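One-letter residues, chain by chain:
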Amino acid sequence: MSLPTSTSFDLEAQPEEKATHFVRHVTVEHEDHDHPPASAHATAEVAPRLTSEFRTLSIHVENRASPTEGDAGVSGAIRNKAVKDLVSLDWHTISVDEALQRLSVSPQSGLDNSQVKRRREAWGKNVISPPKNNMLRKVLEWIFGGFGSLLFVASIFCFISWKPLGEPDPQIANLALGVVLLIVLFFQGAFNAWQDFSTSRVMSSIKDMLPSDVLILRDGNKVKLPASELVNGDLVYIGLGEKVPADLRLIQVSWDLRFDRSIITGESEPIAGRVDATSENFLETKNIALQGTHCVSGSGTGLVVQSGDSTIFGRIAKLSSMEPSRMTTLQREVLFVVLLIASLATTIAVLIVILWAAWLRRSFPSYINVSGLLIDIVSVMVAFLPDGLPLAVTLSIAKIAHTLSQHKVLCKSLVIVETLGAVNVLCSDKTGTLTQNKMQVVNVAVEGTGFEAETFGDALSSAAPEVAFNLSQVVAVGALCNTAVFGAESKSESARPIMGNETDVAVLRFSEGAMSVDALRGQWQEVFKVNFNSKNKYMLKLLETTLPNPPTPIAPWDHFAPADSLLVVKGAPEVLLPRCKYALDPKGGEPIPLSPPVLERLTRVQEQWARDGQRVLLLARRVVRADEIPKSADPLSEEFGELVETLRDNLIVVGLVGLVDPLKPGIADVVKTCREAGIRFFIVTGDHPTTSVAIAARAGIITNVGGMHGFADLPKEGRVSSLGSDEKANVDVDIGVDGAVDVTNQGIVITGPELDQLDAAQVDQLCKYQEIVFARTTPEQKLRIVNEFKRRECIVAMTGDGVNDAPSLKAADCGIAMGDGSDVAREAADMVLLDDFSAIIVALTYGRLVFDNLKKSVLYLIPAGSFSELVPILSNVLIGVPQLLSNIQMILICVATDVLPALSLCLEKPETDILKRPPRNVKTEHLVDWRLLLQAYGFLGILEALCAMSMSFWYLHRNGVPFSNLILGFGNWPGLTDELLFRAQSVNFFTLIMMQWGNLFATRGRKLSITQHTPMSNPWVFAGAAAALCIGIFFHYVPWFHGVFQTRPVPVEFFFIPLTFGLGLLVLDEVRKLIVRRYPKSLLARIAW
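Residues numbered from 1 in each chain as written. Predicted model: local features only at pLDDT ≥ 70, side-chain atom pairs only at ≥ 80, totals over all residues. Heavy atoms only, no water.

(A) Region of interest: the sheet that holds strand 27 (residues 771–775). A sheet is described by the order of its strands in space; here 8 strands give the open sequence 10-30-29-28-11-23-27-26, paired in mixed fashion. With partners counted over all chains shown, the strands left at the sheet margins are strand 10 (409–411) and strand 26 (747–751), one partner each. Each neighbouring strand pair of the sheet contributes to a mean axis angle of 20 degrees, computed without reference to strand direction. Where strand 11 (residues 425–428) and strand 23 (residues 680–684) come together, 4 bridges link them in parallel fashion. Its bridge partner being in strand 23, L426 is matched across the sheet by F681. (Pairing = 2+ DSSP bridges. Helix = DSSP H or I, 4+ residues; strand = E, 2+ residues; numbered from the N terminus. Axes fitted to C-alpha atoms, helices over the stretch in contact; angles between N-to-C directions.)

Structure representation (structure tokens):
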């Protein structure tokens, strides 16, 4: 195939400073007739009204700074070298022929294999080298992240309390406490490093699964290869929605070719692609397509002139600095927990200091010295904080990474899964998302006569010549008005490979089955083309031929002259029919006028096919006489495009084709599961409303097709009372929390034009429907739909695969793209489903599970790690009894015995009802709320603290020190020796450990009993409980620790008696859960965590 040197058209082919943007032409090509194009959403608040305003934004490159932001941190020499390199680039100023000659590439066949091999050896693969890791910074983050900095400061205070504040009698326990905190700090850092490494490795392996193939010309064949295999001199074909794989010198473009360069230049509008240079600046000229930018309209061919690190994107990557990342919902929740509990700890510490300074220091000067006060404050601060929480978050995210990798789900940020767990509205595109995007022509109709596609070839061969000629025009126009192309034949494939969007591929395969498409296309030469886009919803080609005898689909009655042209159009029937004046006669002969009966027959066929879930396309044509196009007209000019627009009239309807796109396996189950989980599942598509409703019914999104509401059922006053009595029977009216009326269990179908006519009251009523099909929507309208639901405080997920979906994917709380979708959609989304759409259920489950498990971890950590450690300190200060839990034991509970069981809760399997609950309300349901604090402090904490303190006092009483000798003693405790105190403290310690066993098994389930959510589903809880006990025994039974940590062994009964306390706690919680399940509206249920 020969590539012309210059066949470009540009609306902005004028001096840069006077460039004018023509709204009618600045459109976005669409690779699928279901999807409109991508739009801009700088604010994502209102749908833009002008086409030139809506486009794909800089796509999810949040960690890259703009080219100028990183300059401050780059040396002058490197910066100057980069500037000189850019200035020296001249690929944009030389001609296409010179560029091809410079790289020794043939425009007919591309590079050969030997050239490719030599160039790859010389320049390497087309990949950008990853930035160098700042290992020192990483190490510091591993060690001092989370509560690491607090532990480090606390250890310093312990050392200061030992010496010099402890002089003249320094306590070895204070030194030991400081050493323990440092050991814990470095163990935590090692754990963070391991999790960071393992999670990064898993996510890197998932990213490698992302498709990144490009269509190129090599050895005379069009082949698809990974973008990394490109070398300088390759000829690359760029189409709608694709990311530019290298810096390209454009050598052939369609008139509507547009690139989104905002990722590189910050340009807020799509930039036209053209063949000739428009600027001396390499970054601003329009005949260069820069790597990393996206094609948002049209198509073209480019010559690779720079690859890998040599590209502009690669150079910027070297010069740019890293932007600080934004906090996610989960990170904000964790920060909220830390700040809340830290505030409580600080308040208690300040209260202790005040009491010591104002009262104890004066009344009991020898009771607590400065060193002891400082250790008490350290103990309160360290013990009060849930030190295991950062590790729990890290482990939860690592678990998510592993699980999602198994299901081939790629998250740009793992914590976005938690946001997905709170989603209550899911808007889904249809083609390629719910359906397989494997189109097949199944029906053909000429006027009102229908044929099955499989037997259409037989009908042609058996029909009379005049009939066969008219019928064959459907095949011919389908082949000519088509962007799909044939690939190189392969022995391993039975059918000839076709590359292009699935709709065009299906039509071209149908045409190839009836005639030789290559021969037909060879008889016509393309003069002008308009690619399908969401605004026009049609594709158009203007063709001419030099053959003396005009080829198909020209008929004798066309009276076609050699200077005439052929205009072929394909698109939505409702868009093209008003432009048609005639229709082909299936009986042969000249076309017949498009009278009302003929129009009614065509409409009836369209509606019938649409009800069967088929996509319907209308094929039309007309002959353009030579005198209708001035001889001086330039096909590359703006005026020519406007002229062709006026010629798209008086068309002849050639026929209708019906295509089917089967649902993906398991879609109905996915929809059912989402609805059971309290998620409203909507279709937002560019397809015909009847087709959309039929597909929605098959997927289970619509349950009552016959009772569907429409535009007329949305009265301006928005009253539910306007519904008929039969309709009211199918509508449940719920009064929401804010007093609004929520209409549920009812379906409605609304088209894009109808959506634009709705007033605010009607939109409010529309947003309350349980089942909605949005049809014939444009990207602006998709964006508006997402924003309307977000404005009503819904958490919105959007799924899609096309360029037209990118704005709404970016605006949604969680954008989900398909792995085989467009590059633009994949990069706009937060999550990519690489394999099966049903994997979204896994993501939903783990989105809810990560929040559930973190709540469980926090609830486990607070009772013993905060409240039960606070009580001994407060009782020591306020009522003068001995501190019945030593500071070192408090630290051991917080950073050792409680951590592993808390981590085991992060590995809990989903409870069976996790997708039966309504989604989490992010406004009112936090990781820690008053319900959880009530459970932690008011129920678990009080029980554990009272039991632990009682066991210590009972032990002392048995050994001759009654409670009356201790209360209000403030250091004067008759009969109390250090040995008895150390053993009483150890009794308190082991009581808390054994009662935490009961807390662990009770906290595993929020509402389900231990028999419904059995511990065997998570054997790690047994390991965590055993590890906690073993750690306690290790520090209390190894003699070396007796002198350093002042720990002691305890009598055996102080293991078994606390065990019964733990069992009692578990039984009490089981009774609480039973009441919550049996009486969901009871007071206990309303305050349940």
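That was the structure; now back to the text.
(B) Representation of the side chain of K529 in the model. Tracing the backbone shows K529 in strand 16 (residues 525–530). For K529, which is buried and forms no salt bridge, the nearest opposite charge comes from E526, at a distance of 4.4 Å. (Buried < 20%, exposed > 50% of the residue type's maximum accessible area, 1.4 Å probe, protein only. Lys, Arg positive; Asp, Glu negative; His and termini not counted. Salt bridge = Lys/Arg side-chain N within 4 Å of Asp/Glu carboxyl O.)

(C) View of the packing of helix 13 (residues 465–480) against helix 14 (residues 502–512). Direction vectors running N to C along helix 13 and helix 14 enclose 135 degrees, while the axes themselves pass 8 Å from each other. When the interaxial angle is binned, helix 13 and helix 14 end up oblique. The interaxial crossing formed by helix 13 with helix 14 has left-handed handedness. Residues V474, V475, G478 and A479 of helix 13 form the contact with helix 14, whose own contacting residues are V507, L508, F510 and S511. (Parallel < 35°, antiparallel > 145°, perpendicular 65-115°, else oblique. Left-handed = near helix turned anticlockwise from the far one by under 90°. Contact = heavy atoms within 4.5 Å.)

(D) Layout of the sheet that holds strand 1 (residues 213–218). Reading across the sheet, the 6 strands line up as 2-1-3-9-4-7 and stay open at both edges, with antiparallel pairing between neighbours. Looking at which strands have only one partner, the edges of the open sheet turn out to be strand 2 (221–226) and strand 7 (288–289). Looking at chain direction, strand 3 (residues 235–238) and strand 9 (residues 300–306) are connected through 4 bridges and run antiparallel. Bridged to L235 within strand 9 is L303.

(E) Region of the structure containing a nonpolar patch on the surface. Together, L136, L140, F144, F152, V153, I156, F157, I160, L165 and V370 make up an exposed nonpolar region whose accessible area comes to about 800 Å². Counting residues per element, the nonpolar patch draws most heavily on helix 5 (residues 148–162), at 5 residues. For L165, the position within the fold is in the loop between helix 5 and helix 6 (172–207). Classification of L165 as partly exposed rests on a relative accessible area of 38%. (Patch = residues over 30% accessible without salt bridge, like charges linked within 9 Å, V, L, I, M, F, W, Y side chains within 5 Å. Areas by Shrake-Rupley, 256 points an atom, 1.4 Å probe, with all protein chains shown as cover.)

(F) The arrangement of the pairing of strand 3 in detail. Residues of strand 3 alternate between two faces, with L235 and Y237 on one and V236 and I238 on the opposite face, all of them buried. As paired elements, strand 1 and strand 3 share 3 bridges and run antiparallel to each other. Residue pairing in the sheet places L217 in a bridge with L235 of strand 3.

(G) The arrangement of the packing of aromatic side chains in detail. Evaluated as defined, the whole model comprises 24 aromatic pairs. Taken together, a centroid distance of 6.1 Å and an interplanar angle of 70 degrees make the contact between Y367 and W973 edge-to-face. Of this pair, Y367 sits in the loop between helix 8 (329–363) and helix 9 (370–384) while W973 sits in the loop between helix 30 (930–958) and helix 31 (978–1003); the two residues are 606 residues apart in sequence, bridging distant segments of the chain. The same class applies to Y367 as to W973, namely buried. An aromatic cluster is present here, built from W359, F364, Y367, F970 and W973 joined pairwise through their rings. (Phe/Tyr/Trp six-rings, centres within 6.5 Å; stacked < 30°, edge-to-face > 60°.)

(H) View of the environment of A696. Tracing the sequence through the fold places A696 in helix 20 (residues 689–699). For A696 and I772, which are 76 residues apart along the polypeptide, the C-alpha to C-alpha distance reads 9.2 Å.

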